[in-house]
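Residues per chain are reported as follows:
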Amino acid sequence: MYLYALAVSGGAVAYMPFLTILLPIKVTSLAPDTVLPTLAFASFAGALSASLSNILFGWVSDVTRQRRLWILAGLFLSSSLLVMMPYVSDTTALIAMIIVWQFGLNMMLAPLAAWAGDCIPDTQKGALGGLLALAPALGALAGAIVTLDLLAAFPHREVLVACLIVIMVAPLLLFARPFKMPHLMEPVEGPIESRAHPAIRMWLARLLVQIAEASLFAFLLLWFKSLDPRFGENGAASIFALVLGLAVFMSLAVGYWSDRAARPIIPLVWSAGIAAGGLLLMALAPGLFVAIAGYLVFGIASSIFLALHSSQTLRVLPRPQRRGRDLGIFNLTNTVPSLIMPWLTLLLVPKYGFDALFLLLAGLATIACLLLLTMPRGRQAGRRA
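Treat the numbers as computed from the prediction; the structure is a model and nothing was measured. Counting of residues starts from 1 at the beginning of each chain's written sequence and follows it residue by residue. With the structure being a predicted model, the display of local features is reserved for residues of pLDDT at least 70 and the display and counting of side-chain atom pairs for 80 or more, all residues being used for whole-chain, interface and lining totals. Calculation of side-chain values draws on the structure's entire complement of heavy atoms; hydrogens and water are dropped beforehand.

Asks: Before we go on, may I ask you to explain the side chain of Lys26 in this structure?
Replies: Of note, Lys26 is situated in helix H1 (residues 2-30). Within the buried set, Lys26 has no salt-bridge partner at all; the shortest N-O distance to an opposite charge, 6.7 Å, is to Glu158. We call two residues in contact when some of their heavy atoms are within 4.5 Å. Beyond its immediate sequence surroundings of up to four residues, Lys26 is in contact with Met85, Pro86, Tyr87, Val88 and Leu94. Only runs of H or I of at least four residues qualify as helices and only runs of E of at least two qualify as strands under DSSP, and these elements are numbered from the N terminus. Burial here depends on accessible area, computed with a 1.4 Å probe over protein chains only, as a share of the maximum for the residue type. Under 20% is buried, over 50% is exposed, and the range in between is partly exposed. Asp and Glu are treated as the negative residues and Lys and Arg as the positive ones, with His and the ends of the chain left uncounted. Should a side-chain nitrogen of Lys or Arg be within 4 Å of a carboxyl oxygen of Asp or Glu, the pair is scored as a salt bridge.

Structural data, given as structure tokens:
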């Protein structure tokens, strides 16, 4: 599990520094007069490629029953394309490269996600979820590394990112020898309506929390500045780092507890509810101090939710023989919010302010909490408890 968590963190390193830092820098150098529309189109095209290719390669790894081979091929293709990014000389070629890069990246990520369902028993899914909280933290750390002053003059920081990815993913491919778990691979045939209901609830709950998380990630600094114009980028970065750091330790603790107590869904219920409370506190915040406190509550709770949800989803998928494909469909909860979030913000903030946005997001998180709270208890315990 430790090698697996390191590899998943390598997947986060593969896209977080590039999409949040290196890509905007590249677009600025190529098209300084049209940075925002070019970046928006590149992000949209990349998200669409990621969504489709994740489903495709999840399904392909199911059919071929080869997770390790596809992970290796995706690692090679995506890292090679990343190293080539600095040499792209116009925006059209850059967007095309991003589409193909997302294709290669999800060739790695989709079978990697499914592999855990093949090898890690339900009694350890909570611990796995806690370890997965390392991924966003290490992704953010990689972003901080590539922006160090020491590396500012280095024109090809993508090479450094590619090296980090290989260092983090390769140990799993080289040294992992997971025990066979035939009961986790046992095909399920026939109608799946009753088995699909928990998966649908889990999908909707994650989508709702991800919409809230994506909205705050994009507009948090603007909101803090609206409360105090003196609040700067360094303050926002410090808060993000604090949230991610605390979330790692708390996710590990909660995940191990859920395994020992055999209560896999309860931490998701509580974290979604606490996230809703944090958003409500943000909506009612009279000043910056309470606003930061509200975001800390929301940020830590939502991070715990997303980390544990990633592992507990594996226990409710209706067909083990199509685990990779189904996880690709679950991956839409990571990409669809990026398409929904800007419209929500533009609809509410200019006319009603950030308070209205936070109230709406609190409502979405509350619905997520209720969806999981009312899940039948037999499904909460897992299909093969």
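The rest of the description comes next.
Asks: Help me out: how do you make sense of helix H14 (residues 332-352) in this one?
Replies: An α-helical turn contains 3.6 residues, so a residue and the one three or four places further along point in the same direction. Here, expected helix span is obtained from the residue count minus one, scaled by 1.5 Å. Between its first and last C-alpha, H14 extends 29 Å over 21 residues, near the 30 Å set by a 1.5 Å rise per residue. Along its length, H14 reaches its greatest deviation from straightness, about 30 degrees, at Ile340, and the proline Pro342 lies no more than four positions downstream. Among the residues making up H14, those that are buried are Thr333, Thr335, Pro337, Met341, Leu344, Thr345, Leu348 and Val349. Of the residues one or two after H14, Gly353 is the one with positive phi, at around 90 degrees. Bending is quantified residue by residue as the angle between axes fitted to the seven-residue window ending at that residue and the seven-residue window starting at it.

Asks: Any chance you could explain the pattern of salt bridges here in plain terms?
Replies: A side chain with one charge can pair with a side chain of the opposite charge if their charged atoms come near. Scanning the model with the defined rule gives 6 salt bridges in all. Among the ionic pairs, Asp118 bridges to Arg323, the shortest N-O distance being 2.6 Å. One end of the pair, Asp118, is in helix H4 (residues 91-119); the other, Arg323, is in helix H13 (residues 323-330), with 205 residues separating them in the sequence. For the residue pair Asp118 and Arg323, the accessibility class agrees, reading buried in each case. Taken together, the shared-partner salt bridges in this structure form one network comprising Asp62, Arg67, Asp118 and Arg323.

Asks: What should I look at first to understand unusual backbone geometry in this one?
Replies: Glycine aside, residues mostly have negative phi angles, and peptide bonds mostly take the trans form. With a phi angle near 55 degrees, Arg65 is a residue other than glycine that sits in the positive phi range. Assignment of secondary structure puts Arg65 in the loop between helix H2 (35-64) and helix H3 (67-84). Although it is not a glycine, Ala262 adopts a positive phi angle of roughly 55 degrees. Since its relative accessible area comes to 52%, Ala262 is described here as exposed.

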